[in-house]
Each structure stands twice: as structure tokens, then as C-alpha cells.
Amino acid sequence: MSVFTRRNLLKASAVAGVYGAGFGLAGRFSQAEAVPEPQILKTTKIDANLTGTGATKDVLSYGTDGMPPVLRMRQGEAFAARLINGIDEPTTIHWHGLRIPNNMDGVPFLTQPYVYTGCKFDYAFTPPDAGTFWYHPHCNTLIQMGHGMTGVIVVENPKDPKFDSEIVINLRDWRLGGDGQFIAQFRPRDTAKSGTYGTVRTANWQLEPQYDAPAGGLVRLRLAITDVTRIYSFRMEGGEATVIAIDGNPVPKRFPLDLLQLGPGQRLELAVRMPDSEGAVATLVDVRSSNPKTLATLRAVGNSLKHDIGDLAPLEANPVKSVDPSSAEHIQLILSATAENTAENSICGSLGYSFWAINKVPWQGDTSDPTAPLSELKLGKSYVFDMENVTPHAHPIHLHGMSFSVLSSSVRDVMPFVSDTYLIQPDEKVQLGLVADNPGDWLLHCHIIEHQKTGMTSYLRVV
Ligand code: C2O
Ligand code: CU
């Protein structure tokens, strides 16, 4: 199943020499700040019961307890993790949405060498923002993520308002056949459209799990879409749900959840007011397809706490610099299909096709090797990306290392929310503004992994 070829591995090991000593625990640590004990994240191949009817083989995870652990960090406090590679191909970890130093970003050959089988890599950084984020490999991603290596990160802010309960849900699918075993992770004709969907849909690796929460209480529900393909349209039935944060950042103004559409890579935080009567259920539903799908349910327990969503204090905004649109330089990003239907072999595995392009360049693999950056940004300056989707499909476009604000869209009113992933609709033009305040090479790609791996990726250099 591995798509690594000998040629790629040789090429990879030649490049690996570039990264030398002095790597490791760099970043924003001051001398005085002690690096904490690293959390061990060992990649493993396991059996897991995903369908309720027996073990699926060749599931990939971090650790041996089923789903990758939810990692808890604290805003402004040092965190360390040691990746130990126990699977039979190279891997890395990318910390999706965390604005951390470039050498901790986990992109092979752009920011770090491969972590080969049996090898380790120490990550250490201080998350500057509080919110819901996630982690995943950036190597042979369709297989590694498709088979399970996607975990949720919660970065706590001690000043957050108190909820009666908190529930974290990792939303994703699996491509399994009738026998519960993995089938081909993609079909080229679907890759050229909206991507290949999973056959089994789970929340926290379970089918429609139910969680208990205090009746009449306020639940902080953290959702992360870690699927490689699926776009969700969320609705809450039987409970009152208010959107409080999207993609790790508090929304400027709270609003009731009503068919909010979010794509792979995105996160949603809801304040759910539980029903008052014991045993009543609030149901989280995805209504994107004609067949609405229950994702998970929350069941009210105990006597009603009679809490009021209006009493919930606001979340503190993250310290993201605001763009200065008047001095900003504009960078055009055109997302298109490409006529060129071949793919070069590339490090980190190729799907063997190219269907997509950014600014007419179809990039290959997980990384941009060997093409030059799409644009070079000056450290500290403001930029506006004028992004346009000329394809008939939606694309969740993700930028590493920096957060942007959504300034305007040709198809809707936008609130100026801060994010790392924007789900751009067909024929939409959007303006995303940021201050280029994090030096290094940062990927920009579609988070429908098949699109990423068949051309829709690129990178920006901040110097
Ligand atoms: Cu979620 Cu390039 O990453
Ligand atoms: Cu896409």
C-alpha cells in the first residue's frame, strides 16, 4: 500500500543532510524556560473496532489505545512531544493551526527531515493561541491520515469561562469494505471532483456515540473535522447551540448554529444549552447530503441546572496581529483544475495524477519539492490574498504557521473572523488578510487531501 519508491527514498536521504545539529528544541523558548517532559507519540499499526462488527486491520494511530489521544496544552506554556516512528514508512507531525516556529511545523524537506521507521523527533513549542486545533502527519498523508493518524488538540486559556461540561469530538470517515477492511483510499475520477468519500462515518472512532451532560447545563462542544475529504453542514436538534469559535478563534459575535458548513481541517466550538428534562437528547446532525446523518448525541442527566447561554462570559481573542489593508500588498491565488494529467514521482508519495493547480502550477506530493515558493513575503508586512476558485468544487484552503482574517467575499457577507482554513465555494472570490509575522516556508494547500496531492498545494516564504 505504501507509495514510496526507492528513487524517492534515495532522493529523500540525500536531502536529509541539509538539516543538521542545532535542530530540535529551538523556537520561542527563553533560556530560563524549562522544556517539559515530552508527551510520547508513537505511531503504531493496530486493529480497531470501527464498525461495531469486529476488528479492522491496518489502522494507524498514535499509541495503542485506539484513537490518537486528545492533546491538552496551555496557551503561552511550553509543550513538548516526542514522535517515535513505529510504522514501516517515514512520517512527521504537523500541528494544524498552531502558530509555532517553522522548524516545528512538520513538513518533510521544507521544515524537517523524514522521521524514518524506528527513529524519533522531538517537537517543542509554546502555543500562542487558545482553542481547538489538531495534529496529523505530513507525509504519505492520504494513507496515513486515511488510516487513522488524526488527533485533536485543545489549547486551554485559564481565563476561559466555566462550562458545566466539555466534550471533544474527532469527526472522520473510513474507507472500509463490507468486510470491515480498508479498500482503495481514492478513485481517480472522484479525486478530479470533490474527492473520494469514506464508507463508514465516525465520531471519536465510534458510530453515533452518546455523551452525558448535566440537564439545563452549558456544554463546550469542540468539534474537529479531521477527515481527508468530507465537508459537513452542522445542525443541532433538540438543544440550543451557539457558535463561539471557529478554527481555534473566538467569533467576533456569537450566533445560533444553523447549517454551518465547514470543511476538512476546520474546527467548530459550540456552547450547547442542554435540555431541561432528564433523559432528553440533543443531536448533532450533518445535513449536507440528502440523507441527514446523526454524528453524536448528548443526553441530559440530573436535575436542570437552568443555566443561561446569555450568562456565558466571552472568550478572549487570540493575539493575532491585525492586517493593515491600506498598506497591504496583494497576492493573487487562482485555484483551478489543470489539463496536465500526469504526476512526477515526488517525495512523500504521489497519487500518480495531477488534476489541480494554484496559479496554474500543479504541485505534487505533500510538499512543494522542487518548485520555488509561490510568493516571498516580507517579515512584518501586511498582505491580502485575493483568492479565486474557478473550479466547480469547494476547497478548504489551509495556510500553515500564520492566521488570516477573512476580509470580504464575493458571495456572502463575512464577519471578520480569524482562521487558518477557508472553505472557498465554487466561483467565489475572497480576500484573506494577514501580517507576515512568522519567518519560514509555509505550506498553503487544499485540505481535501486528494486535491492537495494532485496539484492543489504550494508554499509561501516569509523572510
Ligand atoms: Cu492540516 Cu498542511 O495541514
Ligand atoms: Cu480542494
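Counting restarts for each chain: residues are numbered from 1 in the order of the written sequence. Here chains are named by letter from A upward and ligands by number from 1 upward, in the order in which they appear as written. Residue-level local features of this predicted model are given only where pLDDT is at least 70; pairs of side-chain atoms are given and counted only at 80 or more, and the full residue set underlies all totals for whole chains, interfaces and linings. Excluded from the side-chain calculation are hydrogens and water; included are all heavy atoms of the structure.

Some remarks on empty space enclosed by the protein
Stage number 1. Think of a 1 Å grid over the protein atoms and nothing else: a 1.4 Å probe that fits but is trapped marks a cavity, an open set flanked by protein within 12 Å on at least five of seven lines marks a pocket, and residues with an atom within 4 Å of a point count as lining. Grid points are joined across faces, edges and corners, and a volume is the space filled by probe spheres set on the points. Evaluation of the coordinates by the stated rule reveals five cavities of 30 Å³ or more.
Stage number 2. Around the largest cavity, the lining residues are Ala130, Gly131, Asn157, Asp160, Arg220, Ala245, Gly248, Pro250, Glu269, Leu315, Glu316 and Asn318.
Stage number 3. In this classification, Asp, Glu, Lys and Arg are treated as charged, Ala, Val, Leu, Ile, Met, Phe, Trp, Tyr, Cys and Pro as nonpolar, and every other residue, Gly included, as polar. Looking at the lining of the largest cavity residue by residue, the class counts come to four nonpolar, four polar and four charged.
Stage number 4. Taken as a whole, the second largest cavity spans an internal volume of roughly 50 Å³.

Description of the coordination of the copper ion (ligand 2)
Stage number 1. Only N, O and S atoms count as donors, using a 2.8 Å cut-off from the metal and 3.2 Å for Na, K and Ca, and because water is excluded some sites may appear unfinished. The coordination sphere of the copper ion (ligand 2) contains the protein donors His395 (ND1), Cys446 (SG) and His451 (ND1), at a distance range of 2.0 to 2.1 Å.
Stage number 2. Along the chain, the residues that donate to the copper ion (ligand 2) are spaced as H-x50-C-x4-H. With a gap of 56 residues between them, histidine 395 in strand β24 (residues 395–399) and histidine 451 in helix α4 (residues 449–452) connect regions that are remote in the sequence.
Stage number 3. Summary of the burial criterion: residues with accessible area below 20% of their type's maximum are buried, those above 50% are exposed, and those between are partly exposed, where the area comes from a 1.4 Å probe applied to protein chains only. Histidine 395 sits in the buried class, given a relative accessible area of 0%. A helix here means a DSSP run of H or I that spans at least four residues, while a strand means a run of E at least two residues long, and both kinds are numbered starting from the N terminus.

Section: the packing of aromatic side chains
Stage number 1. When the centres of two rings from Phe, Tyr and Trp lie within 6.5 Å, Trp using its six-membered ring, the rings pair. Their planes under 30 degrees apart give stacked, over 60 give edge-to-face, and anything left gives tilted. Within this structure, the stated rule accounts for 14 aromatic pairs.
Stage number 2. Linked through ring pairs, Tyr62, Phe79, Trp95, Phe121, Tyr123, Phe125 and Tyr135 together constitute an aromatic cluster.
Stage number 3. Whether a charge sits over a ring comes down to the Lys NZ or Arg CZ being within 6 Å of the ring centre and within 35 degrees of the ring normal. Above the ring of tryptophan 174, the side-chain terminus of arginine 172 is found at 4.0 Å from the ring centroid.
Stage number 4. Lying across the ring of tyrosine 383, lysine 381 places its NZ or CZ 5.8 Å from the centre.

With respect to the sheet that holds strand β17 (residues 267–273)
Sheet strands line up and pair through hydrogen bonds in the backbone, either parallel or antiparallel.
Stage number 1. Note on pairing: DSSP must find at least two bridges between two strands before they are called paired. Taken in spatial order, the six strands of this open sheet run β10-β9-β12-β17-β14-β15, and their pairing is mixed. With one partner strand each, in any of the chains shown, β10 (200–203) and β15 (249–256) form the two edges of the open sheet. Looking at each pair of strands side by side, their axes are set apart by 25° on average, direction ignored.
Stage number 2. When strand β9 (residues 165–174) meets β10, the two strands line up antiparallel, connected through four bridges. Each bridged residue has a counterpart across the sheet, and for arginine 172 the counterpart in β10 is threonine 202. Here an angle of 0 to 180 degrees is reported between the N-to-C directions of two axes, which are lines fitted to C-alpha atoms, with helices fitted over the stretch in contact.

As for the pairing of strand β27 (residues 421–424)
Stage number 1. Both faces of β27 are covered, namely the face carrying Thr421 and Leu423 and the face carrying Tyr422 and Ile424.
Stage number 2. Summarising the sheet, β24 and β27 pair through four bridges and their orientation is antiparallel. Each bridged residue has a counterpart across the sheet, and for proline 396 the counterpart in β27 is leucine 423.

Regarding the confidence of the model for the protein
Stage number 1. The pLDDT averaged across the protein works out to 90; a share of 89% of its residues lies at or above 70.
Stage number 2. For every residue, the predictor assigns a confidence score, pLDDT, that lies between 0 and 100. Only heavy atoms matter for contacts: two residues are in contact if any of them lie within 4.5 Å across the pair. Counting interchain partners and residues more than four positions distant, the pLDDT-below-50 stretch residues 1–32 has 62 contacts.

As for the pattern of salt bridges
It is possible for side chains of opposite charge to pair when their charged atoms get near one another.
Stage number 1. Salt bridge, as used here, is a side-chain nitrogen of Lys or Arg placed within 4 Å of a carboxyl oxygen of Asp or Glu. All chains considered together, the criterion is met by 25 salt bridges.
Stage number 2. Each of the salt bridges in this network shares a partner with another, and the network as a whole consists of Arg72, Arg74, Glu77, Glu156, Asp160, Glu166, Arg220, Arg222 and Glu269.

Examining the layout of surface pockets
Stage number 1. Roughly 270 Å³ of internal volume is contained in the largest pocket.
Stage number 2. Going through the elements one at a time, β16 (260–262) and β27 are the ones with two or more residues in the lining of the largest pocket.
Stage number 3. In terms of residue count, β16 provides more of the lining of the largest pocket than any other element does, three residues in total.
Stage number 4. Within the lining of the largest pocket, the residues separate by chemical class into nine nonpolar, three polar and two charged.

Thoughts on the nonpolar core
Stage number 1. Residues grouped as a nonpolar core are buried Ala, Val, Leu, Ile, Met, Phe, Trp, Tyr and Cys residues, joined through side-chain atoms within 4.5 Å. Phe234, Leu268 and Leu270 are the most contacted members of the largest nonpolar core, which totals 65 residues.
Stage number 2. Shared between two domains, this core takes at least three residues from each, and those domains are domain 2 (165–311) and domain 3 (329–462).
Stage number 3. Those residues in contact with leucine 268 that sit more than four places away from it in its chain are Leu221, Arg222, Leu223, Phe234, Val243, Ala245, Ile246, Leu257, Leu260 and Leu262.
Stage number 4. Formed by 23 residues, the second largest nonpolar core is a distinct cluster that contains Leu41, Leu60, Leu71 and Phe125. Throughout, the edges of the domains are those of an automatic or database domain assignment.

Examining the sheet that holds strand β3 (residues 71–74)
Stage number 1. Read from one edge of the open sheet, four strands run β3-β8-β7-β5, paired in mixed fashion. Edge strands, defined here as strands with exactly one partner in the open sheet, are β3 and β5 (94–96). Neighbour-to-neighbour, the strand axes of the sheet open up by a mean angle of 30°, direction not taken into account.
Stage number 2. As judged from the three bridges shared by β5 and strand β7 (residues 131–136), these two strands associate in the antiparallel manner. Across the sheet, residue histidine 94 finds its bridge partner in β7, namely histidine 136.

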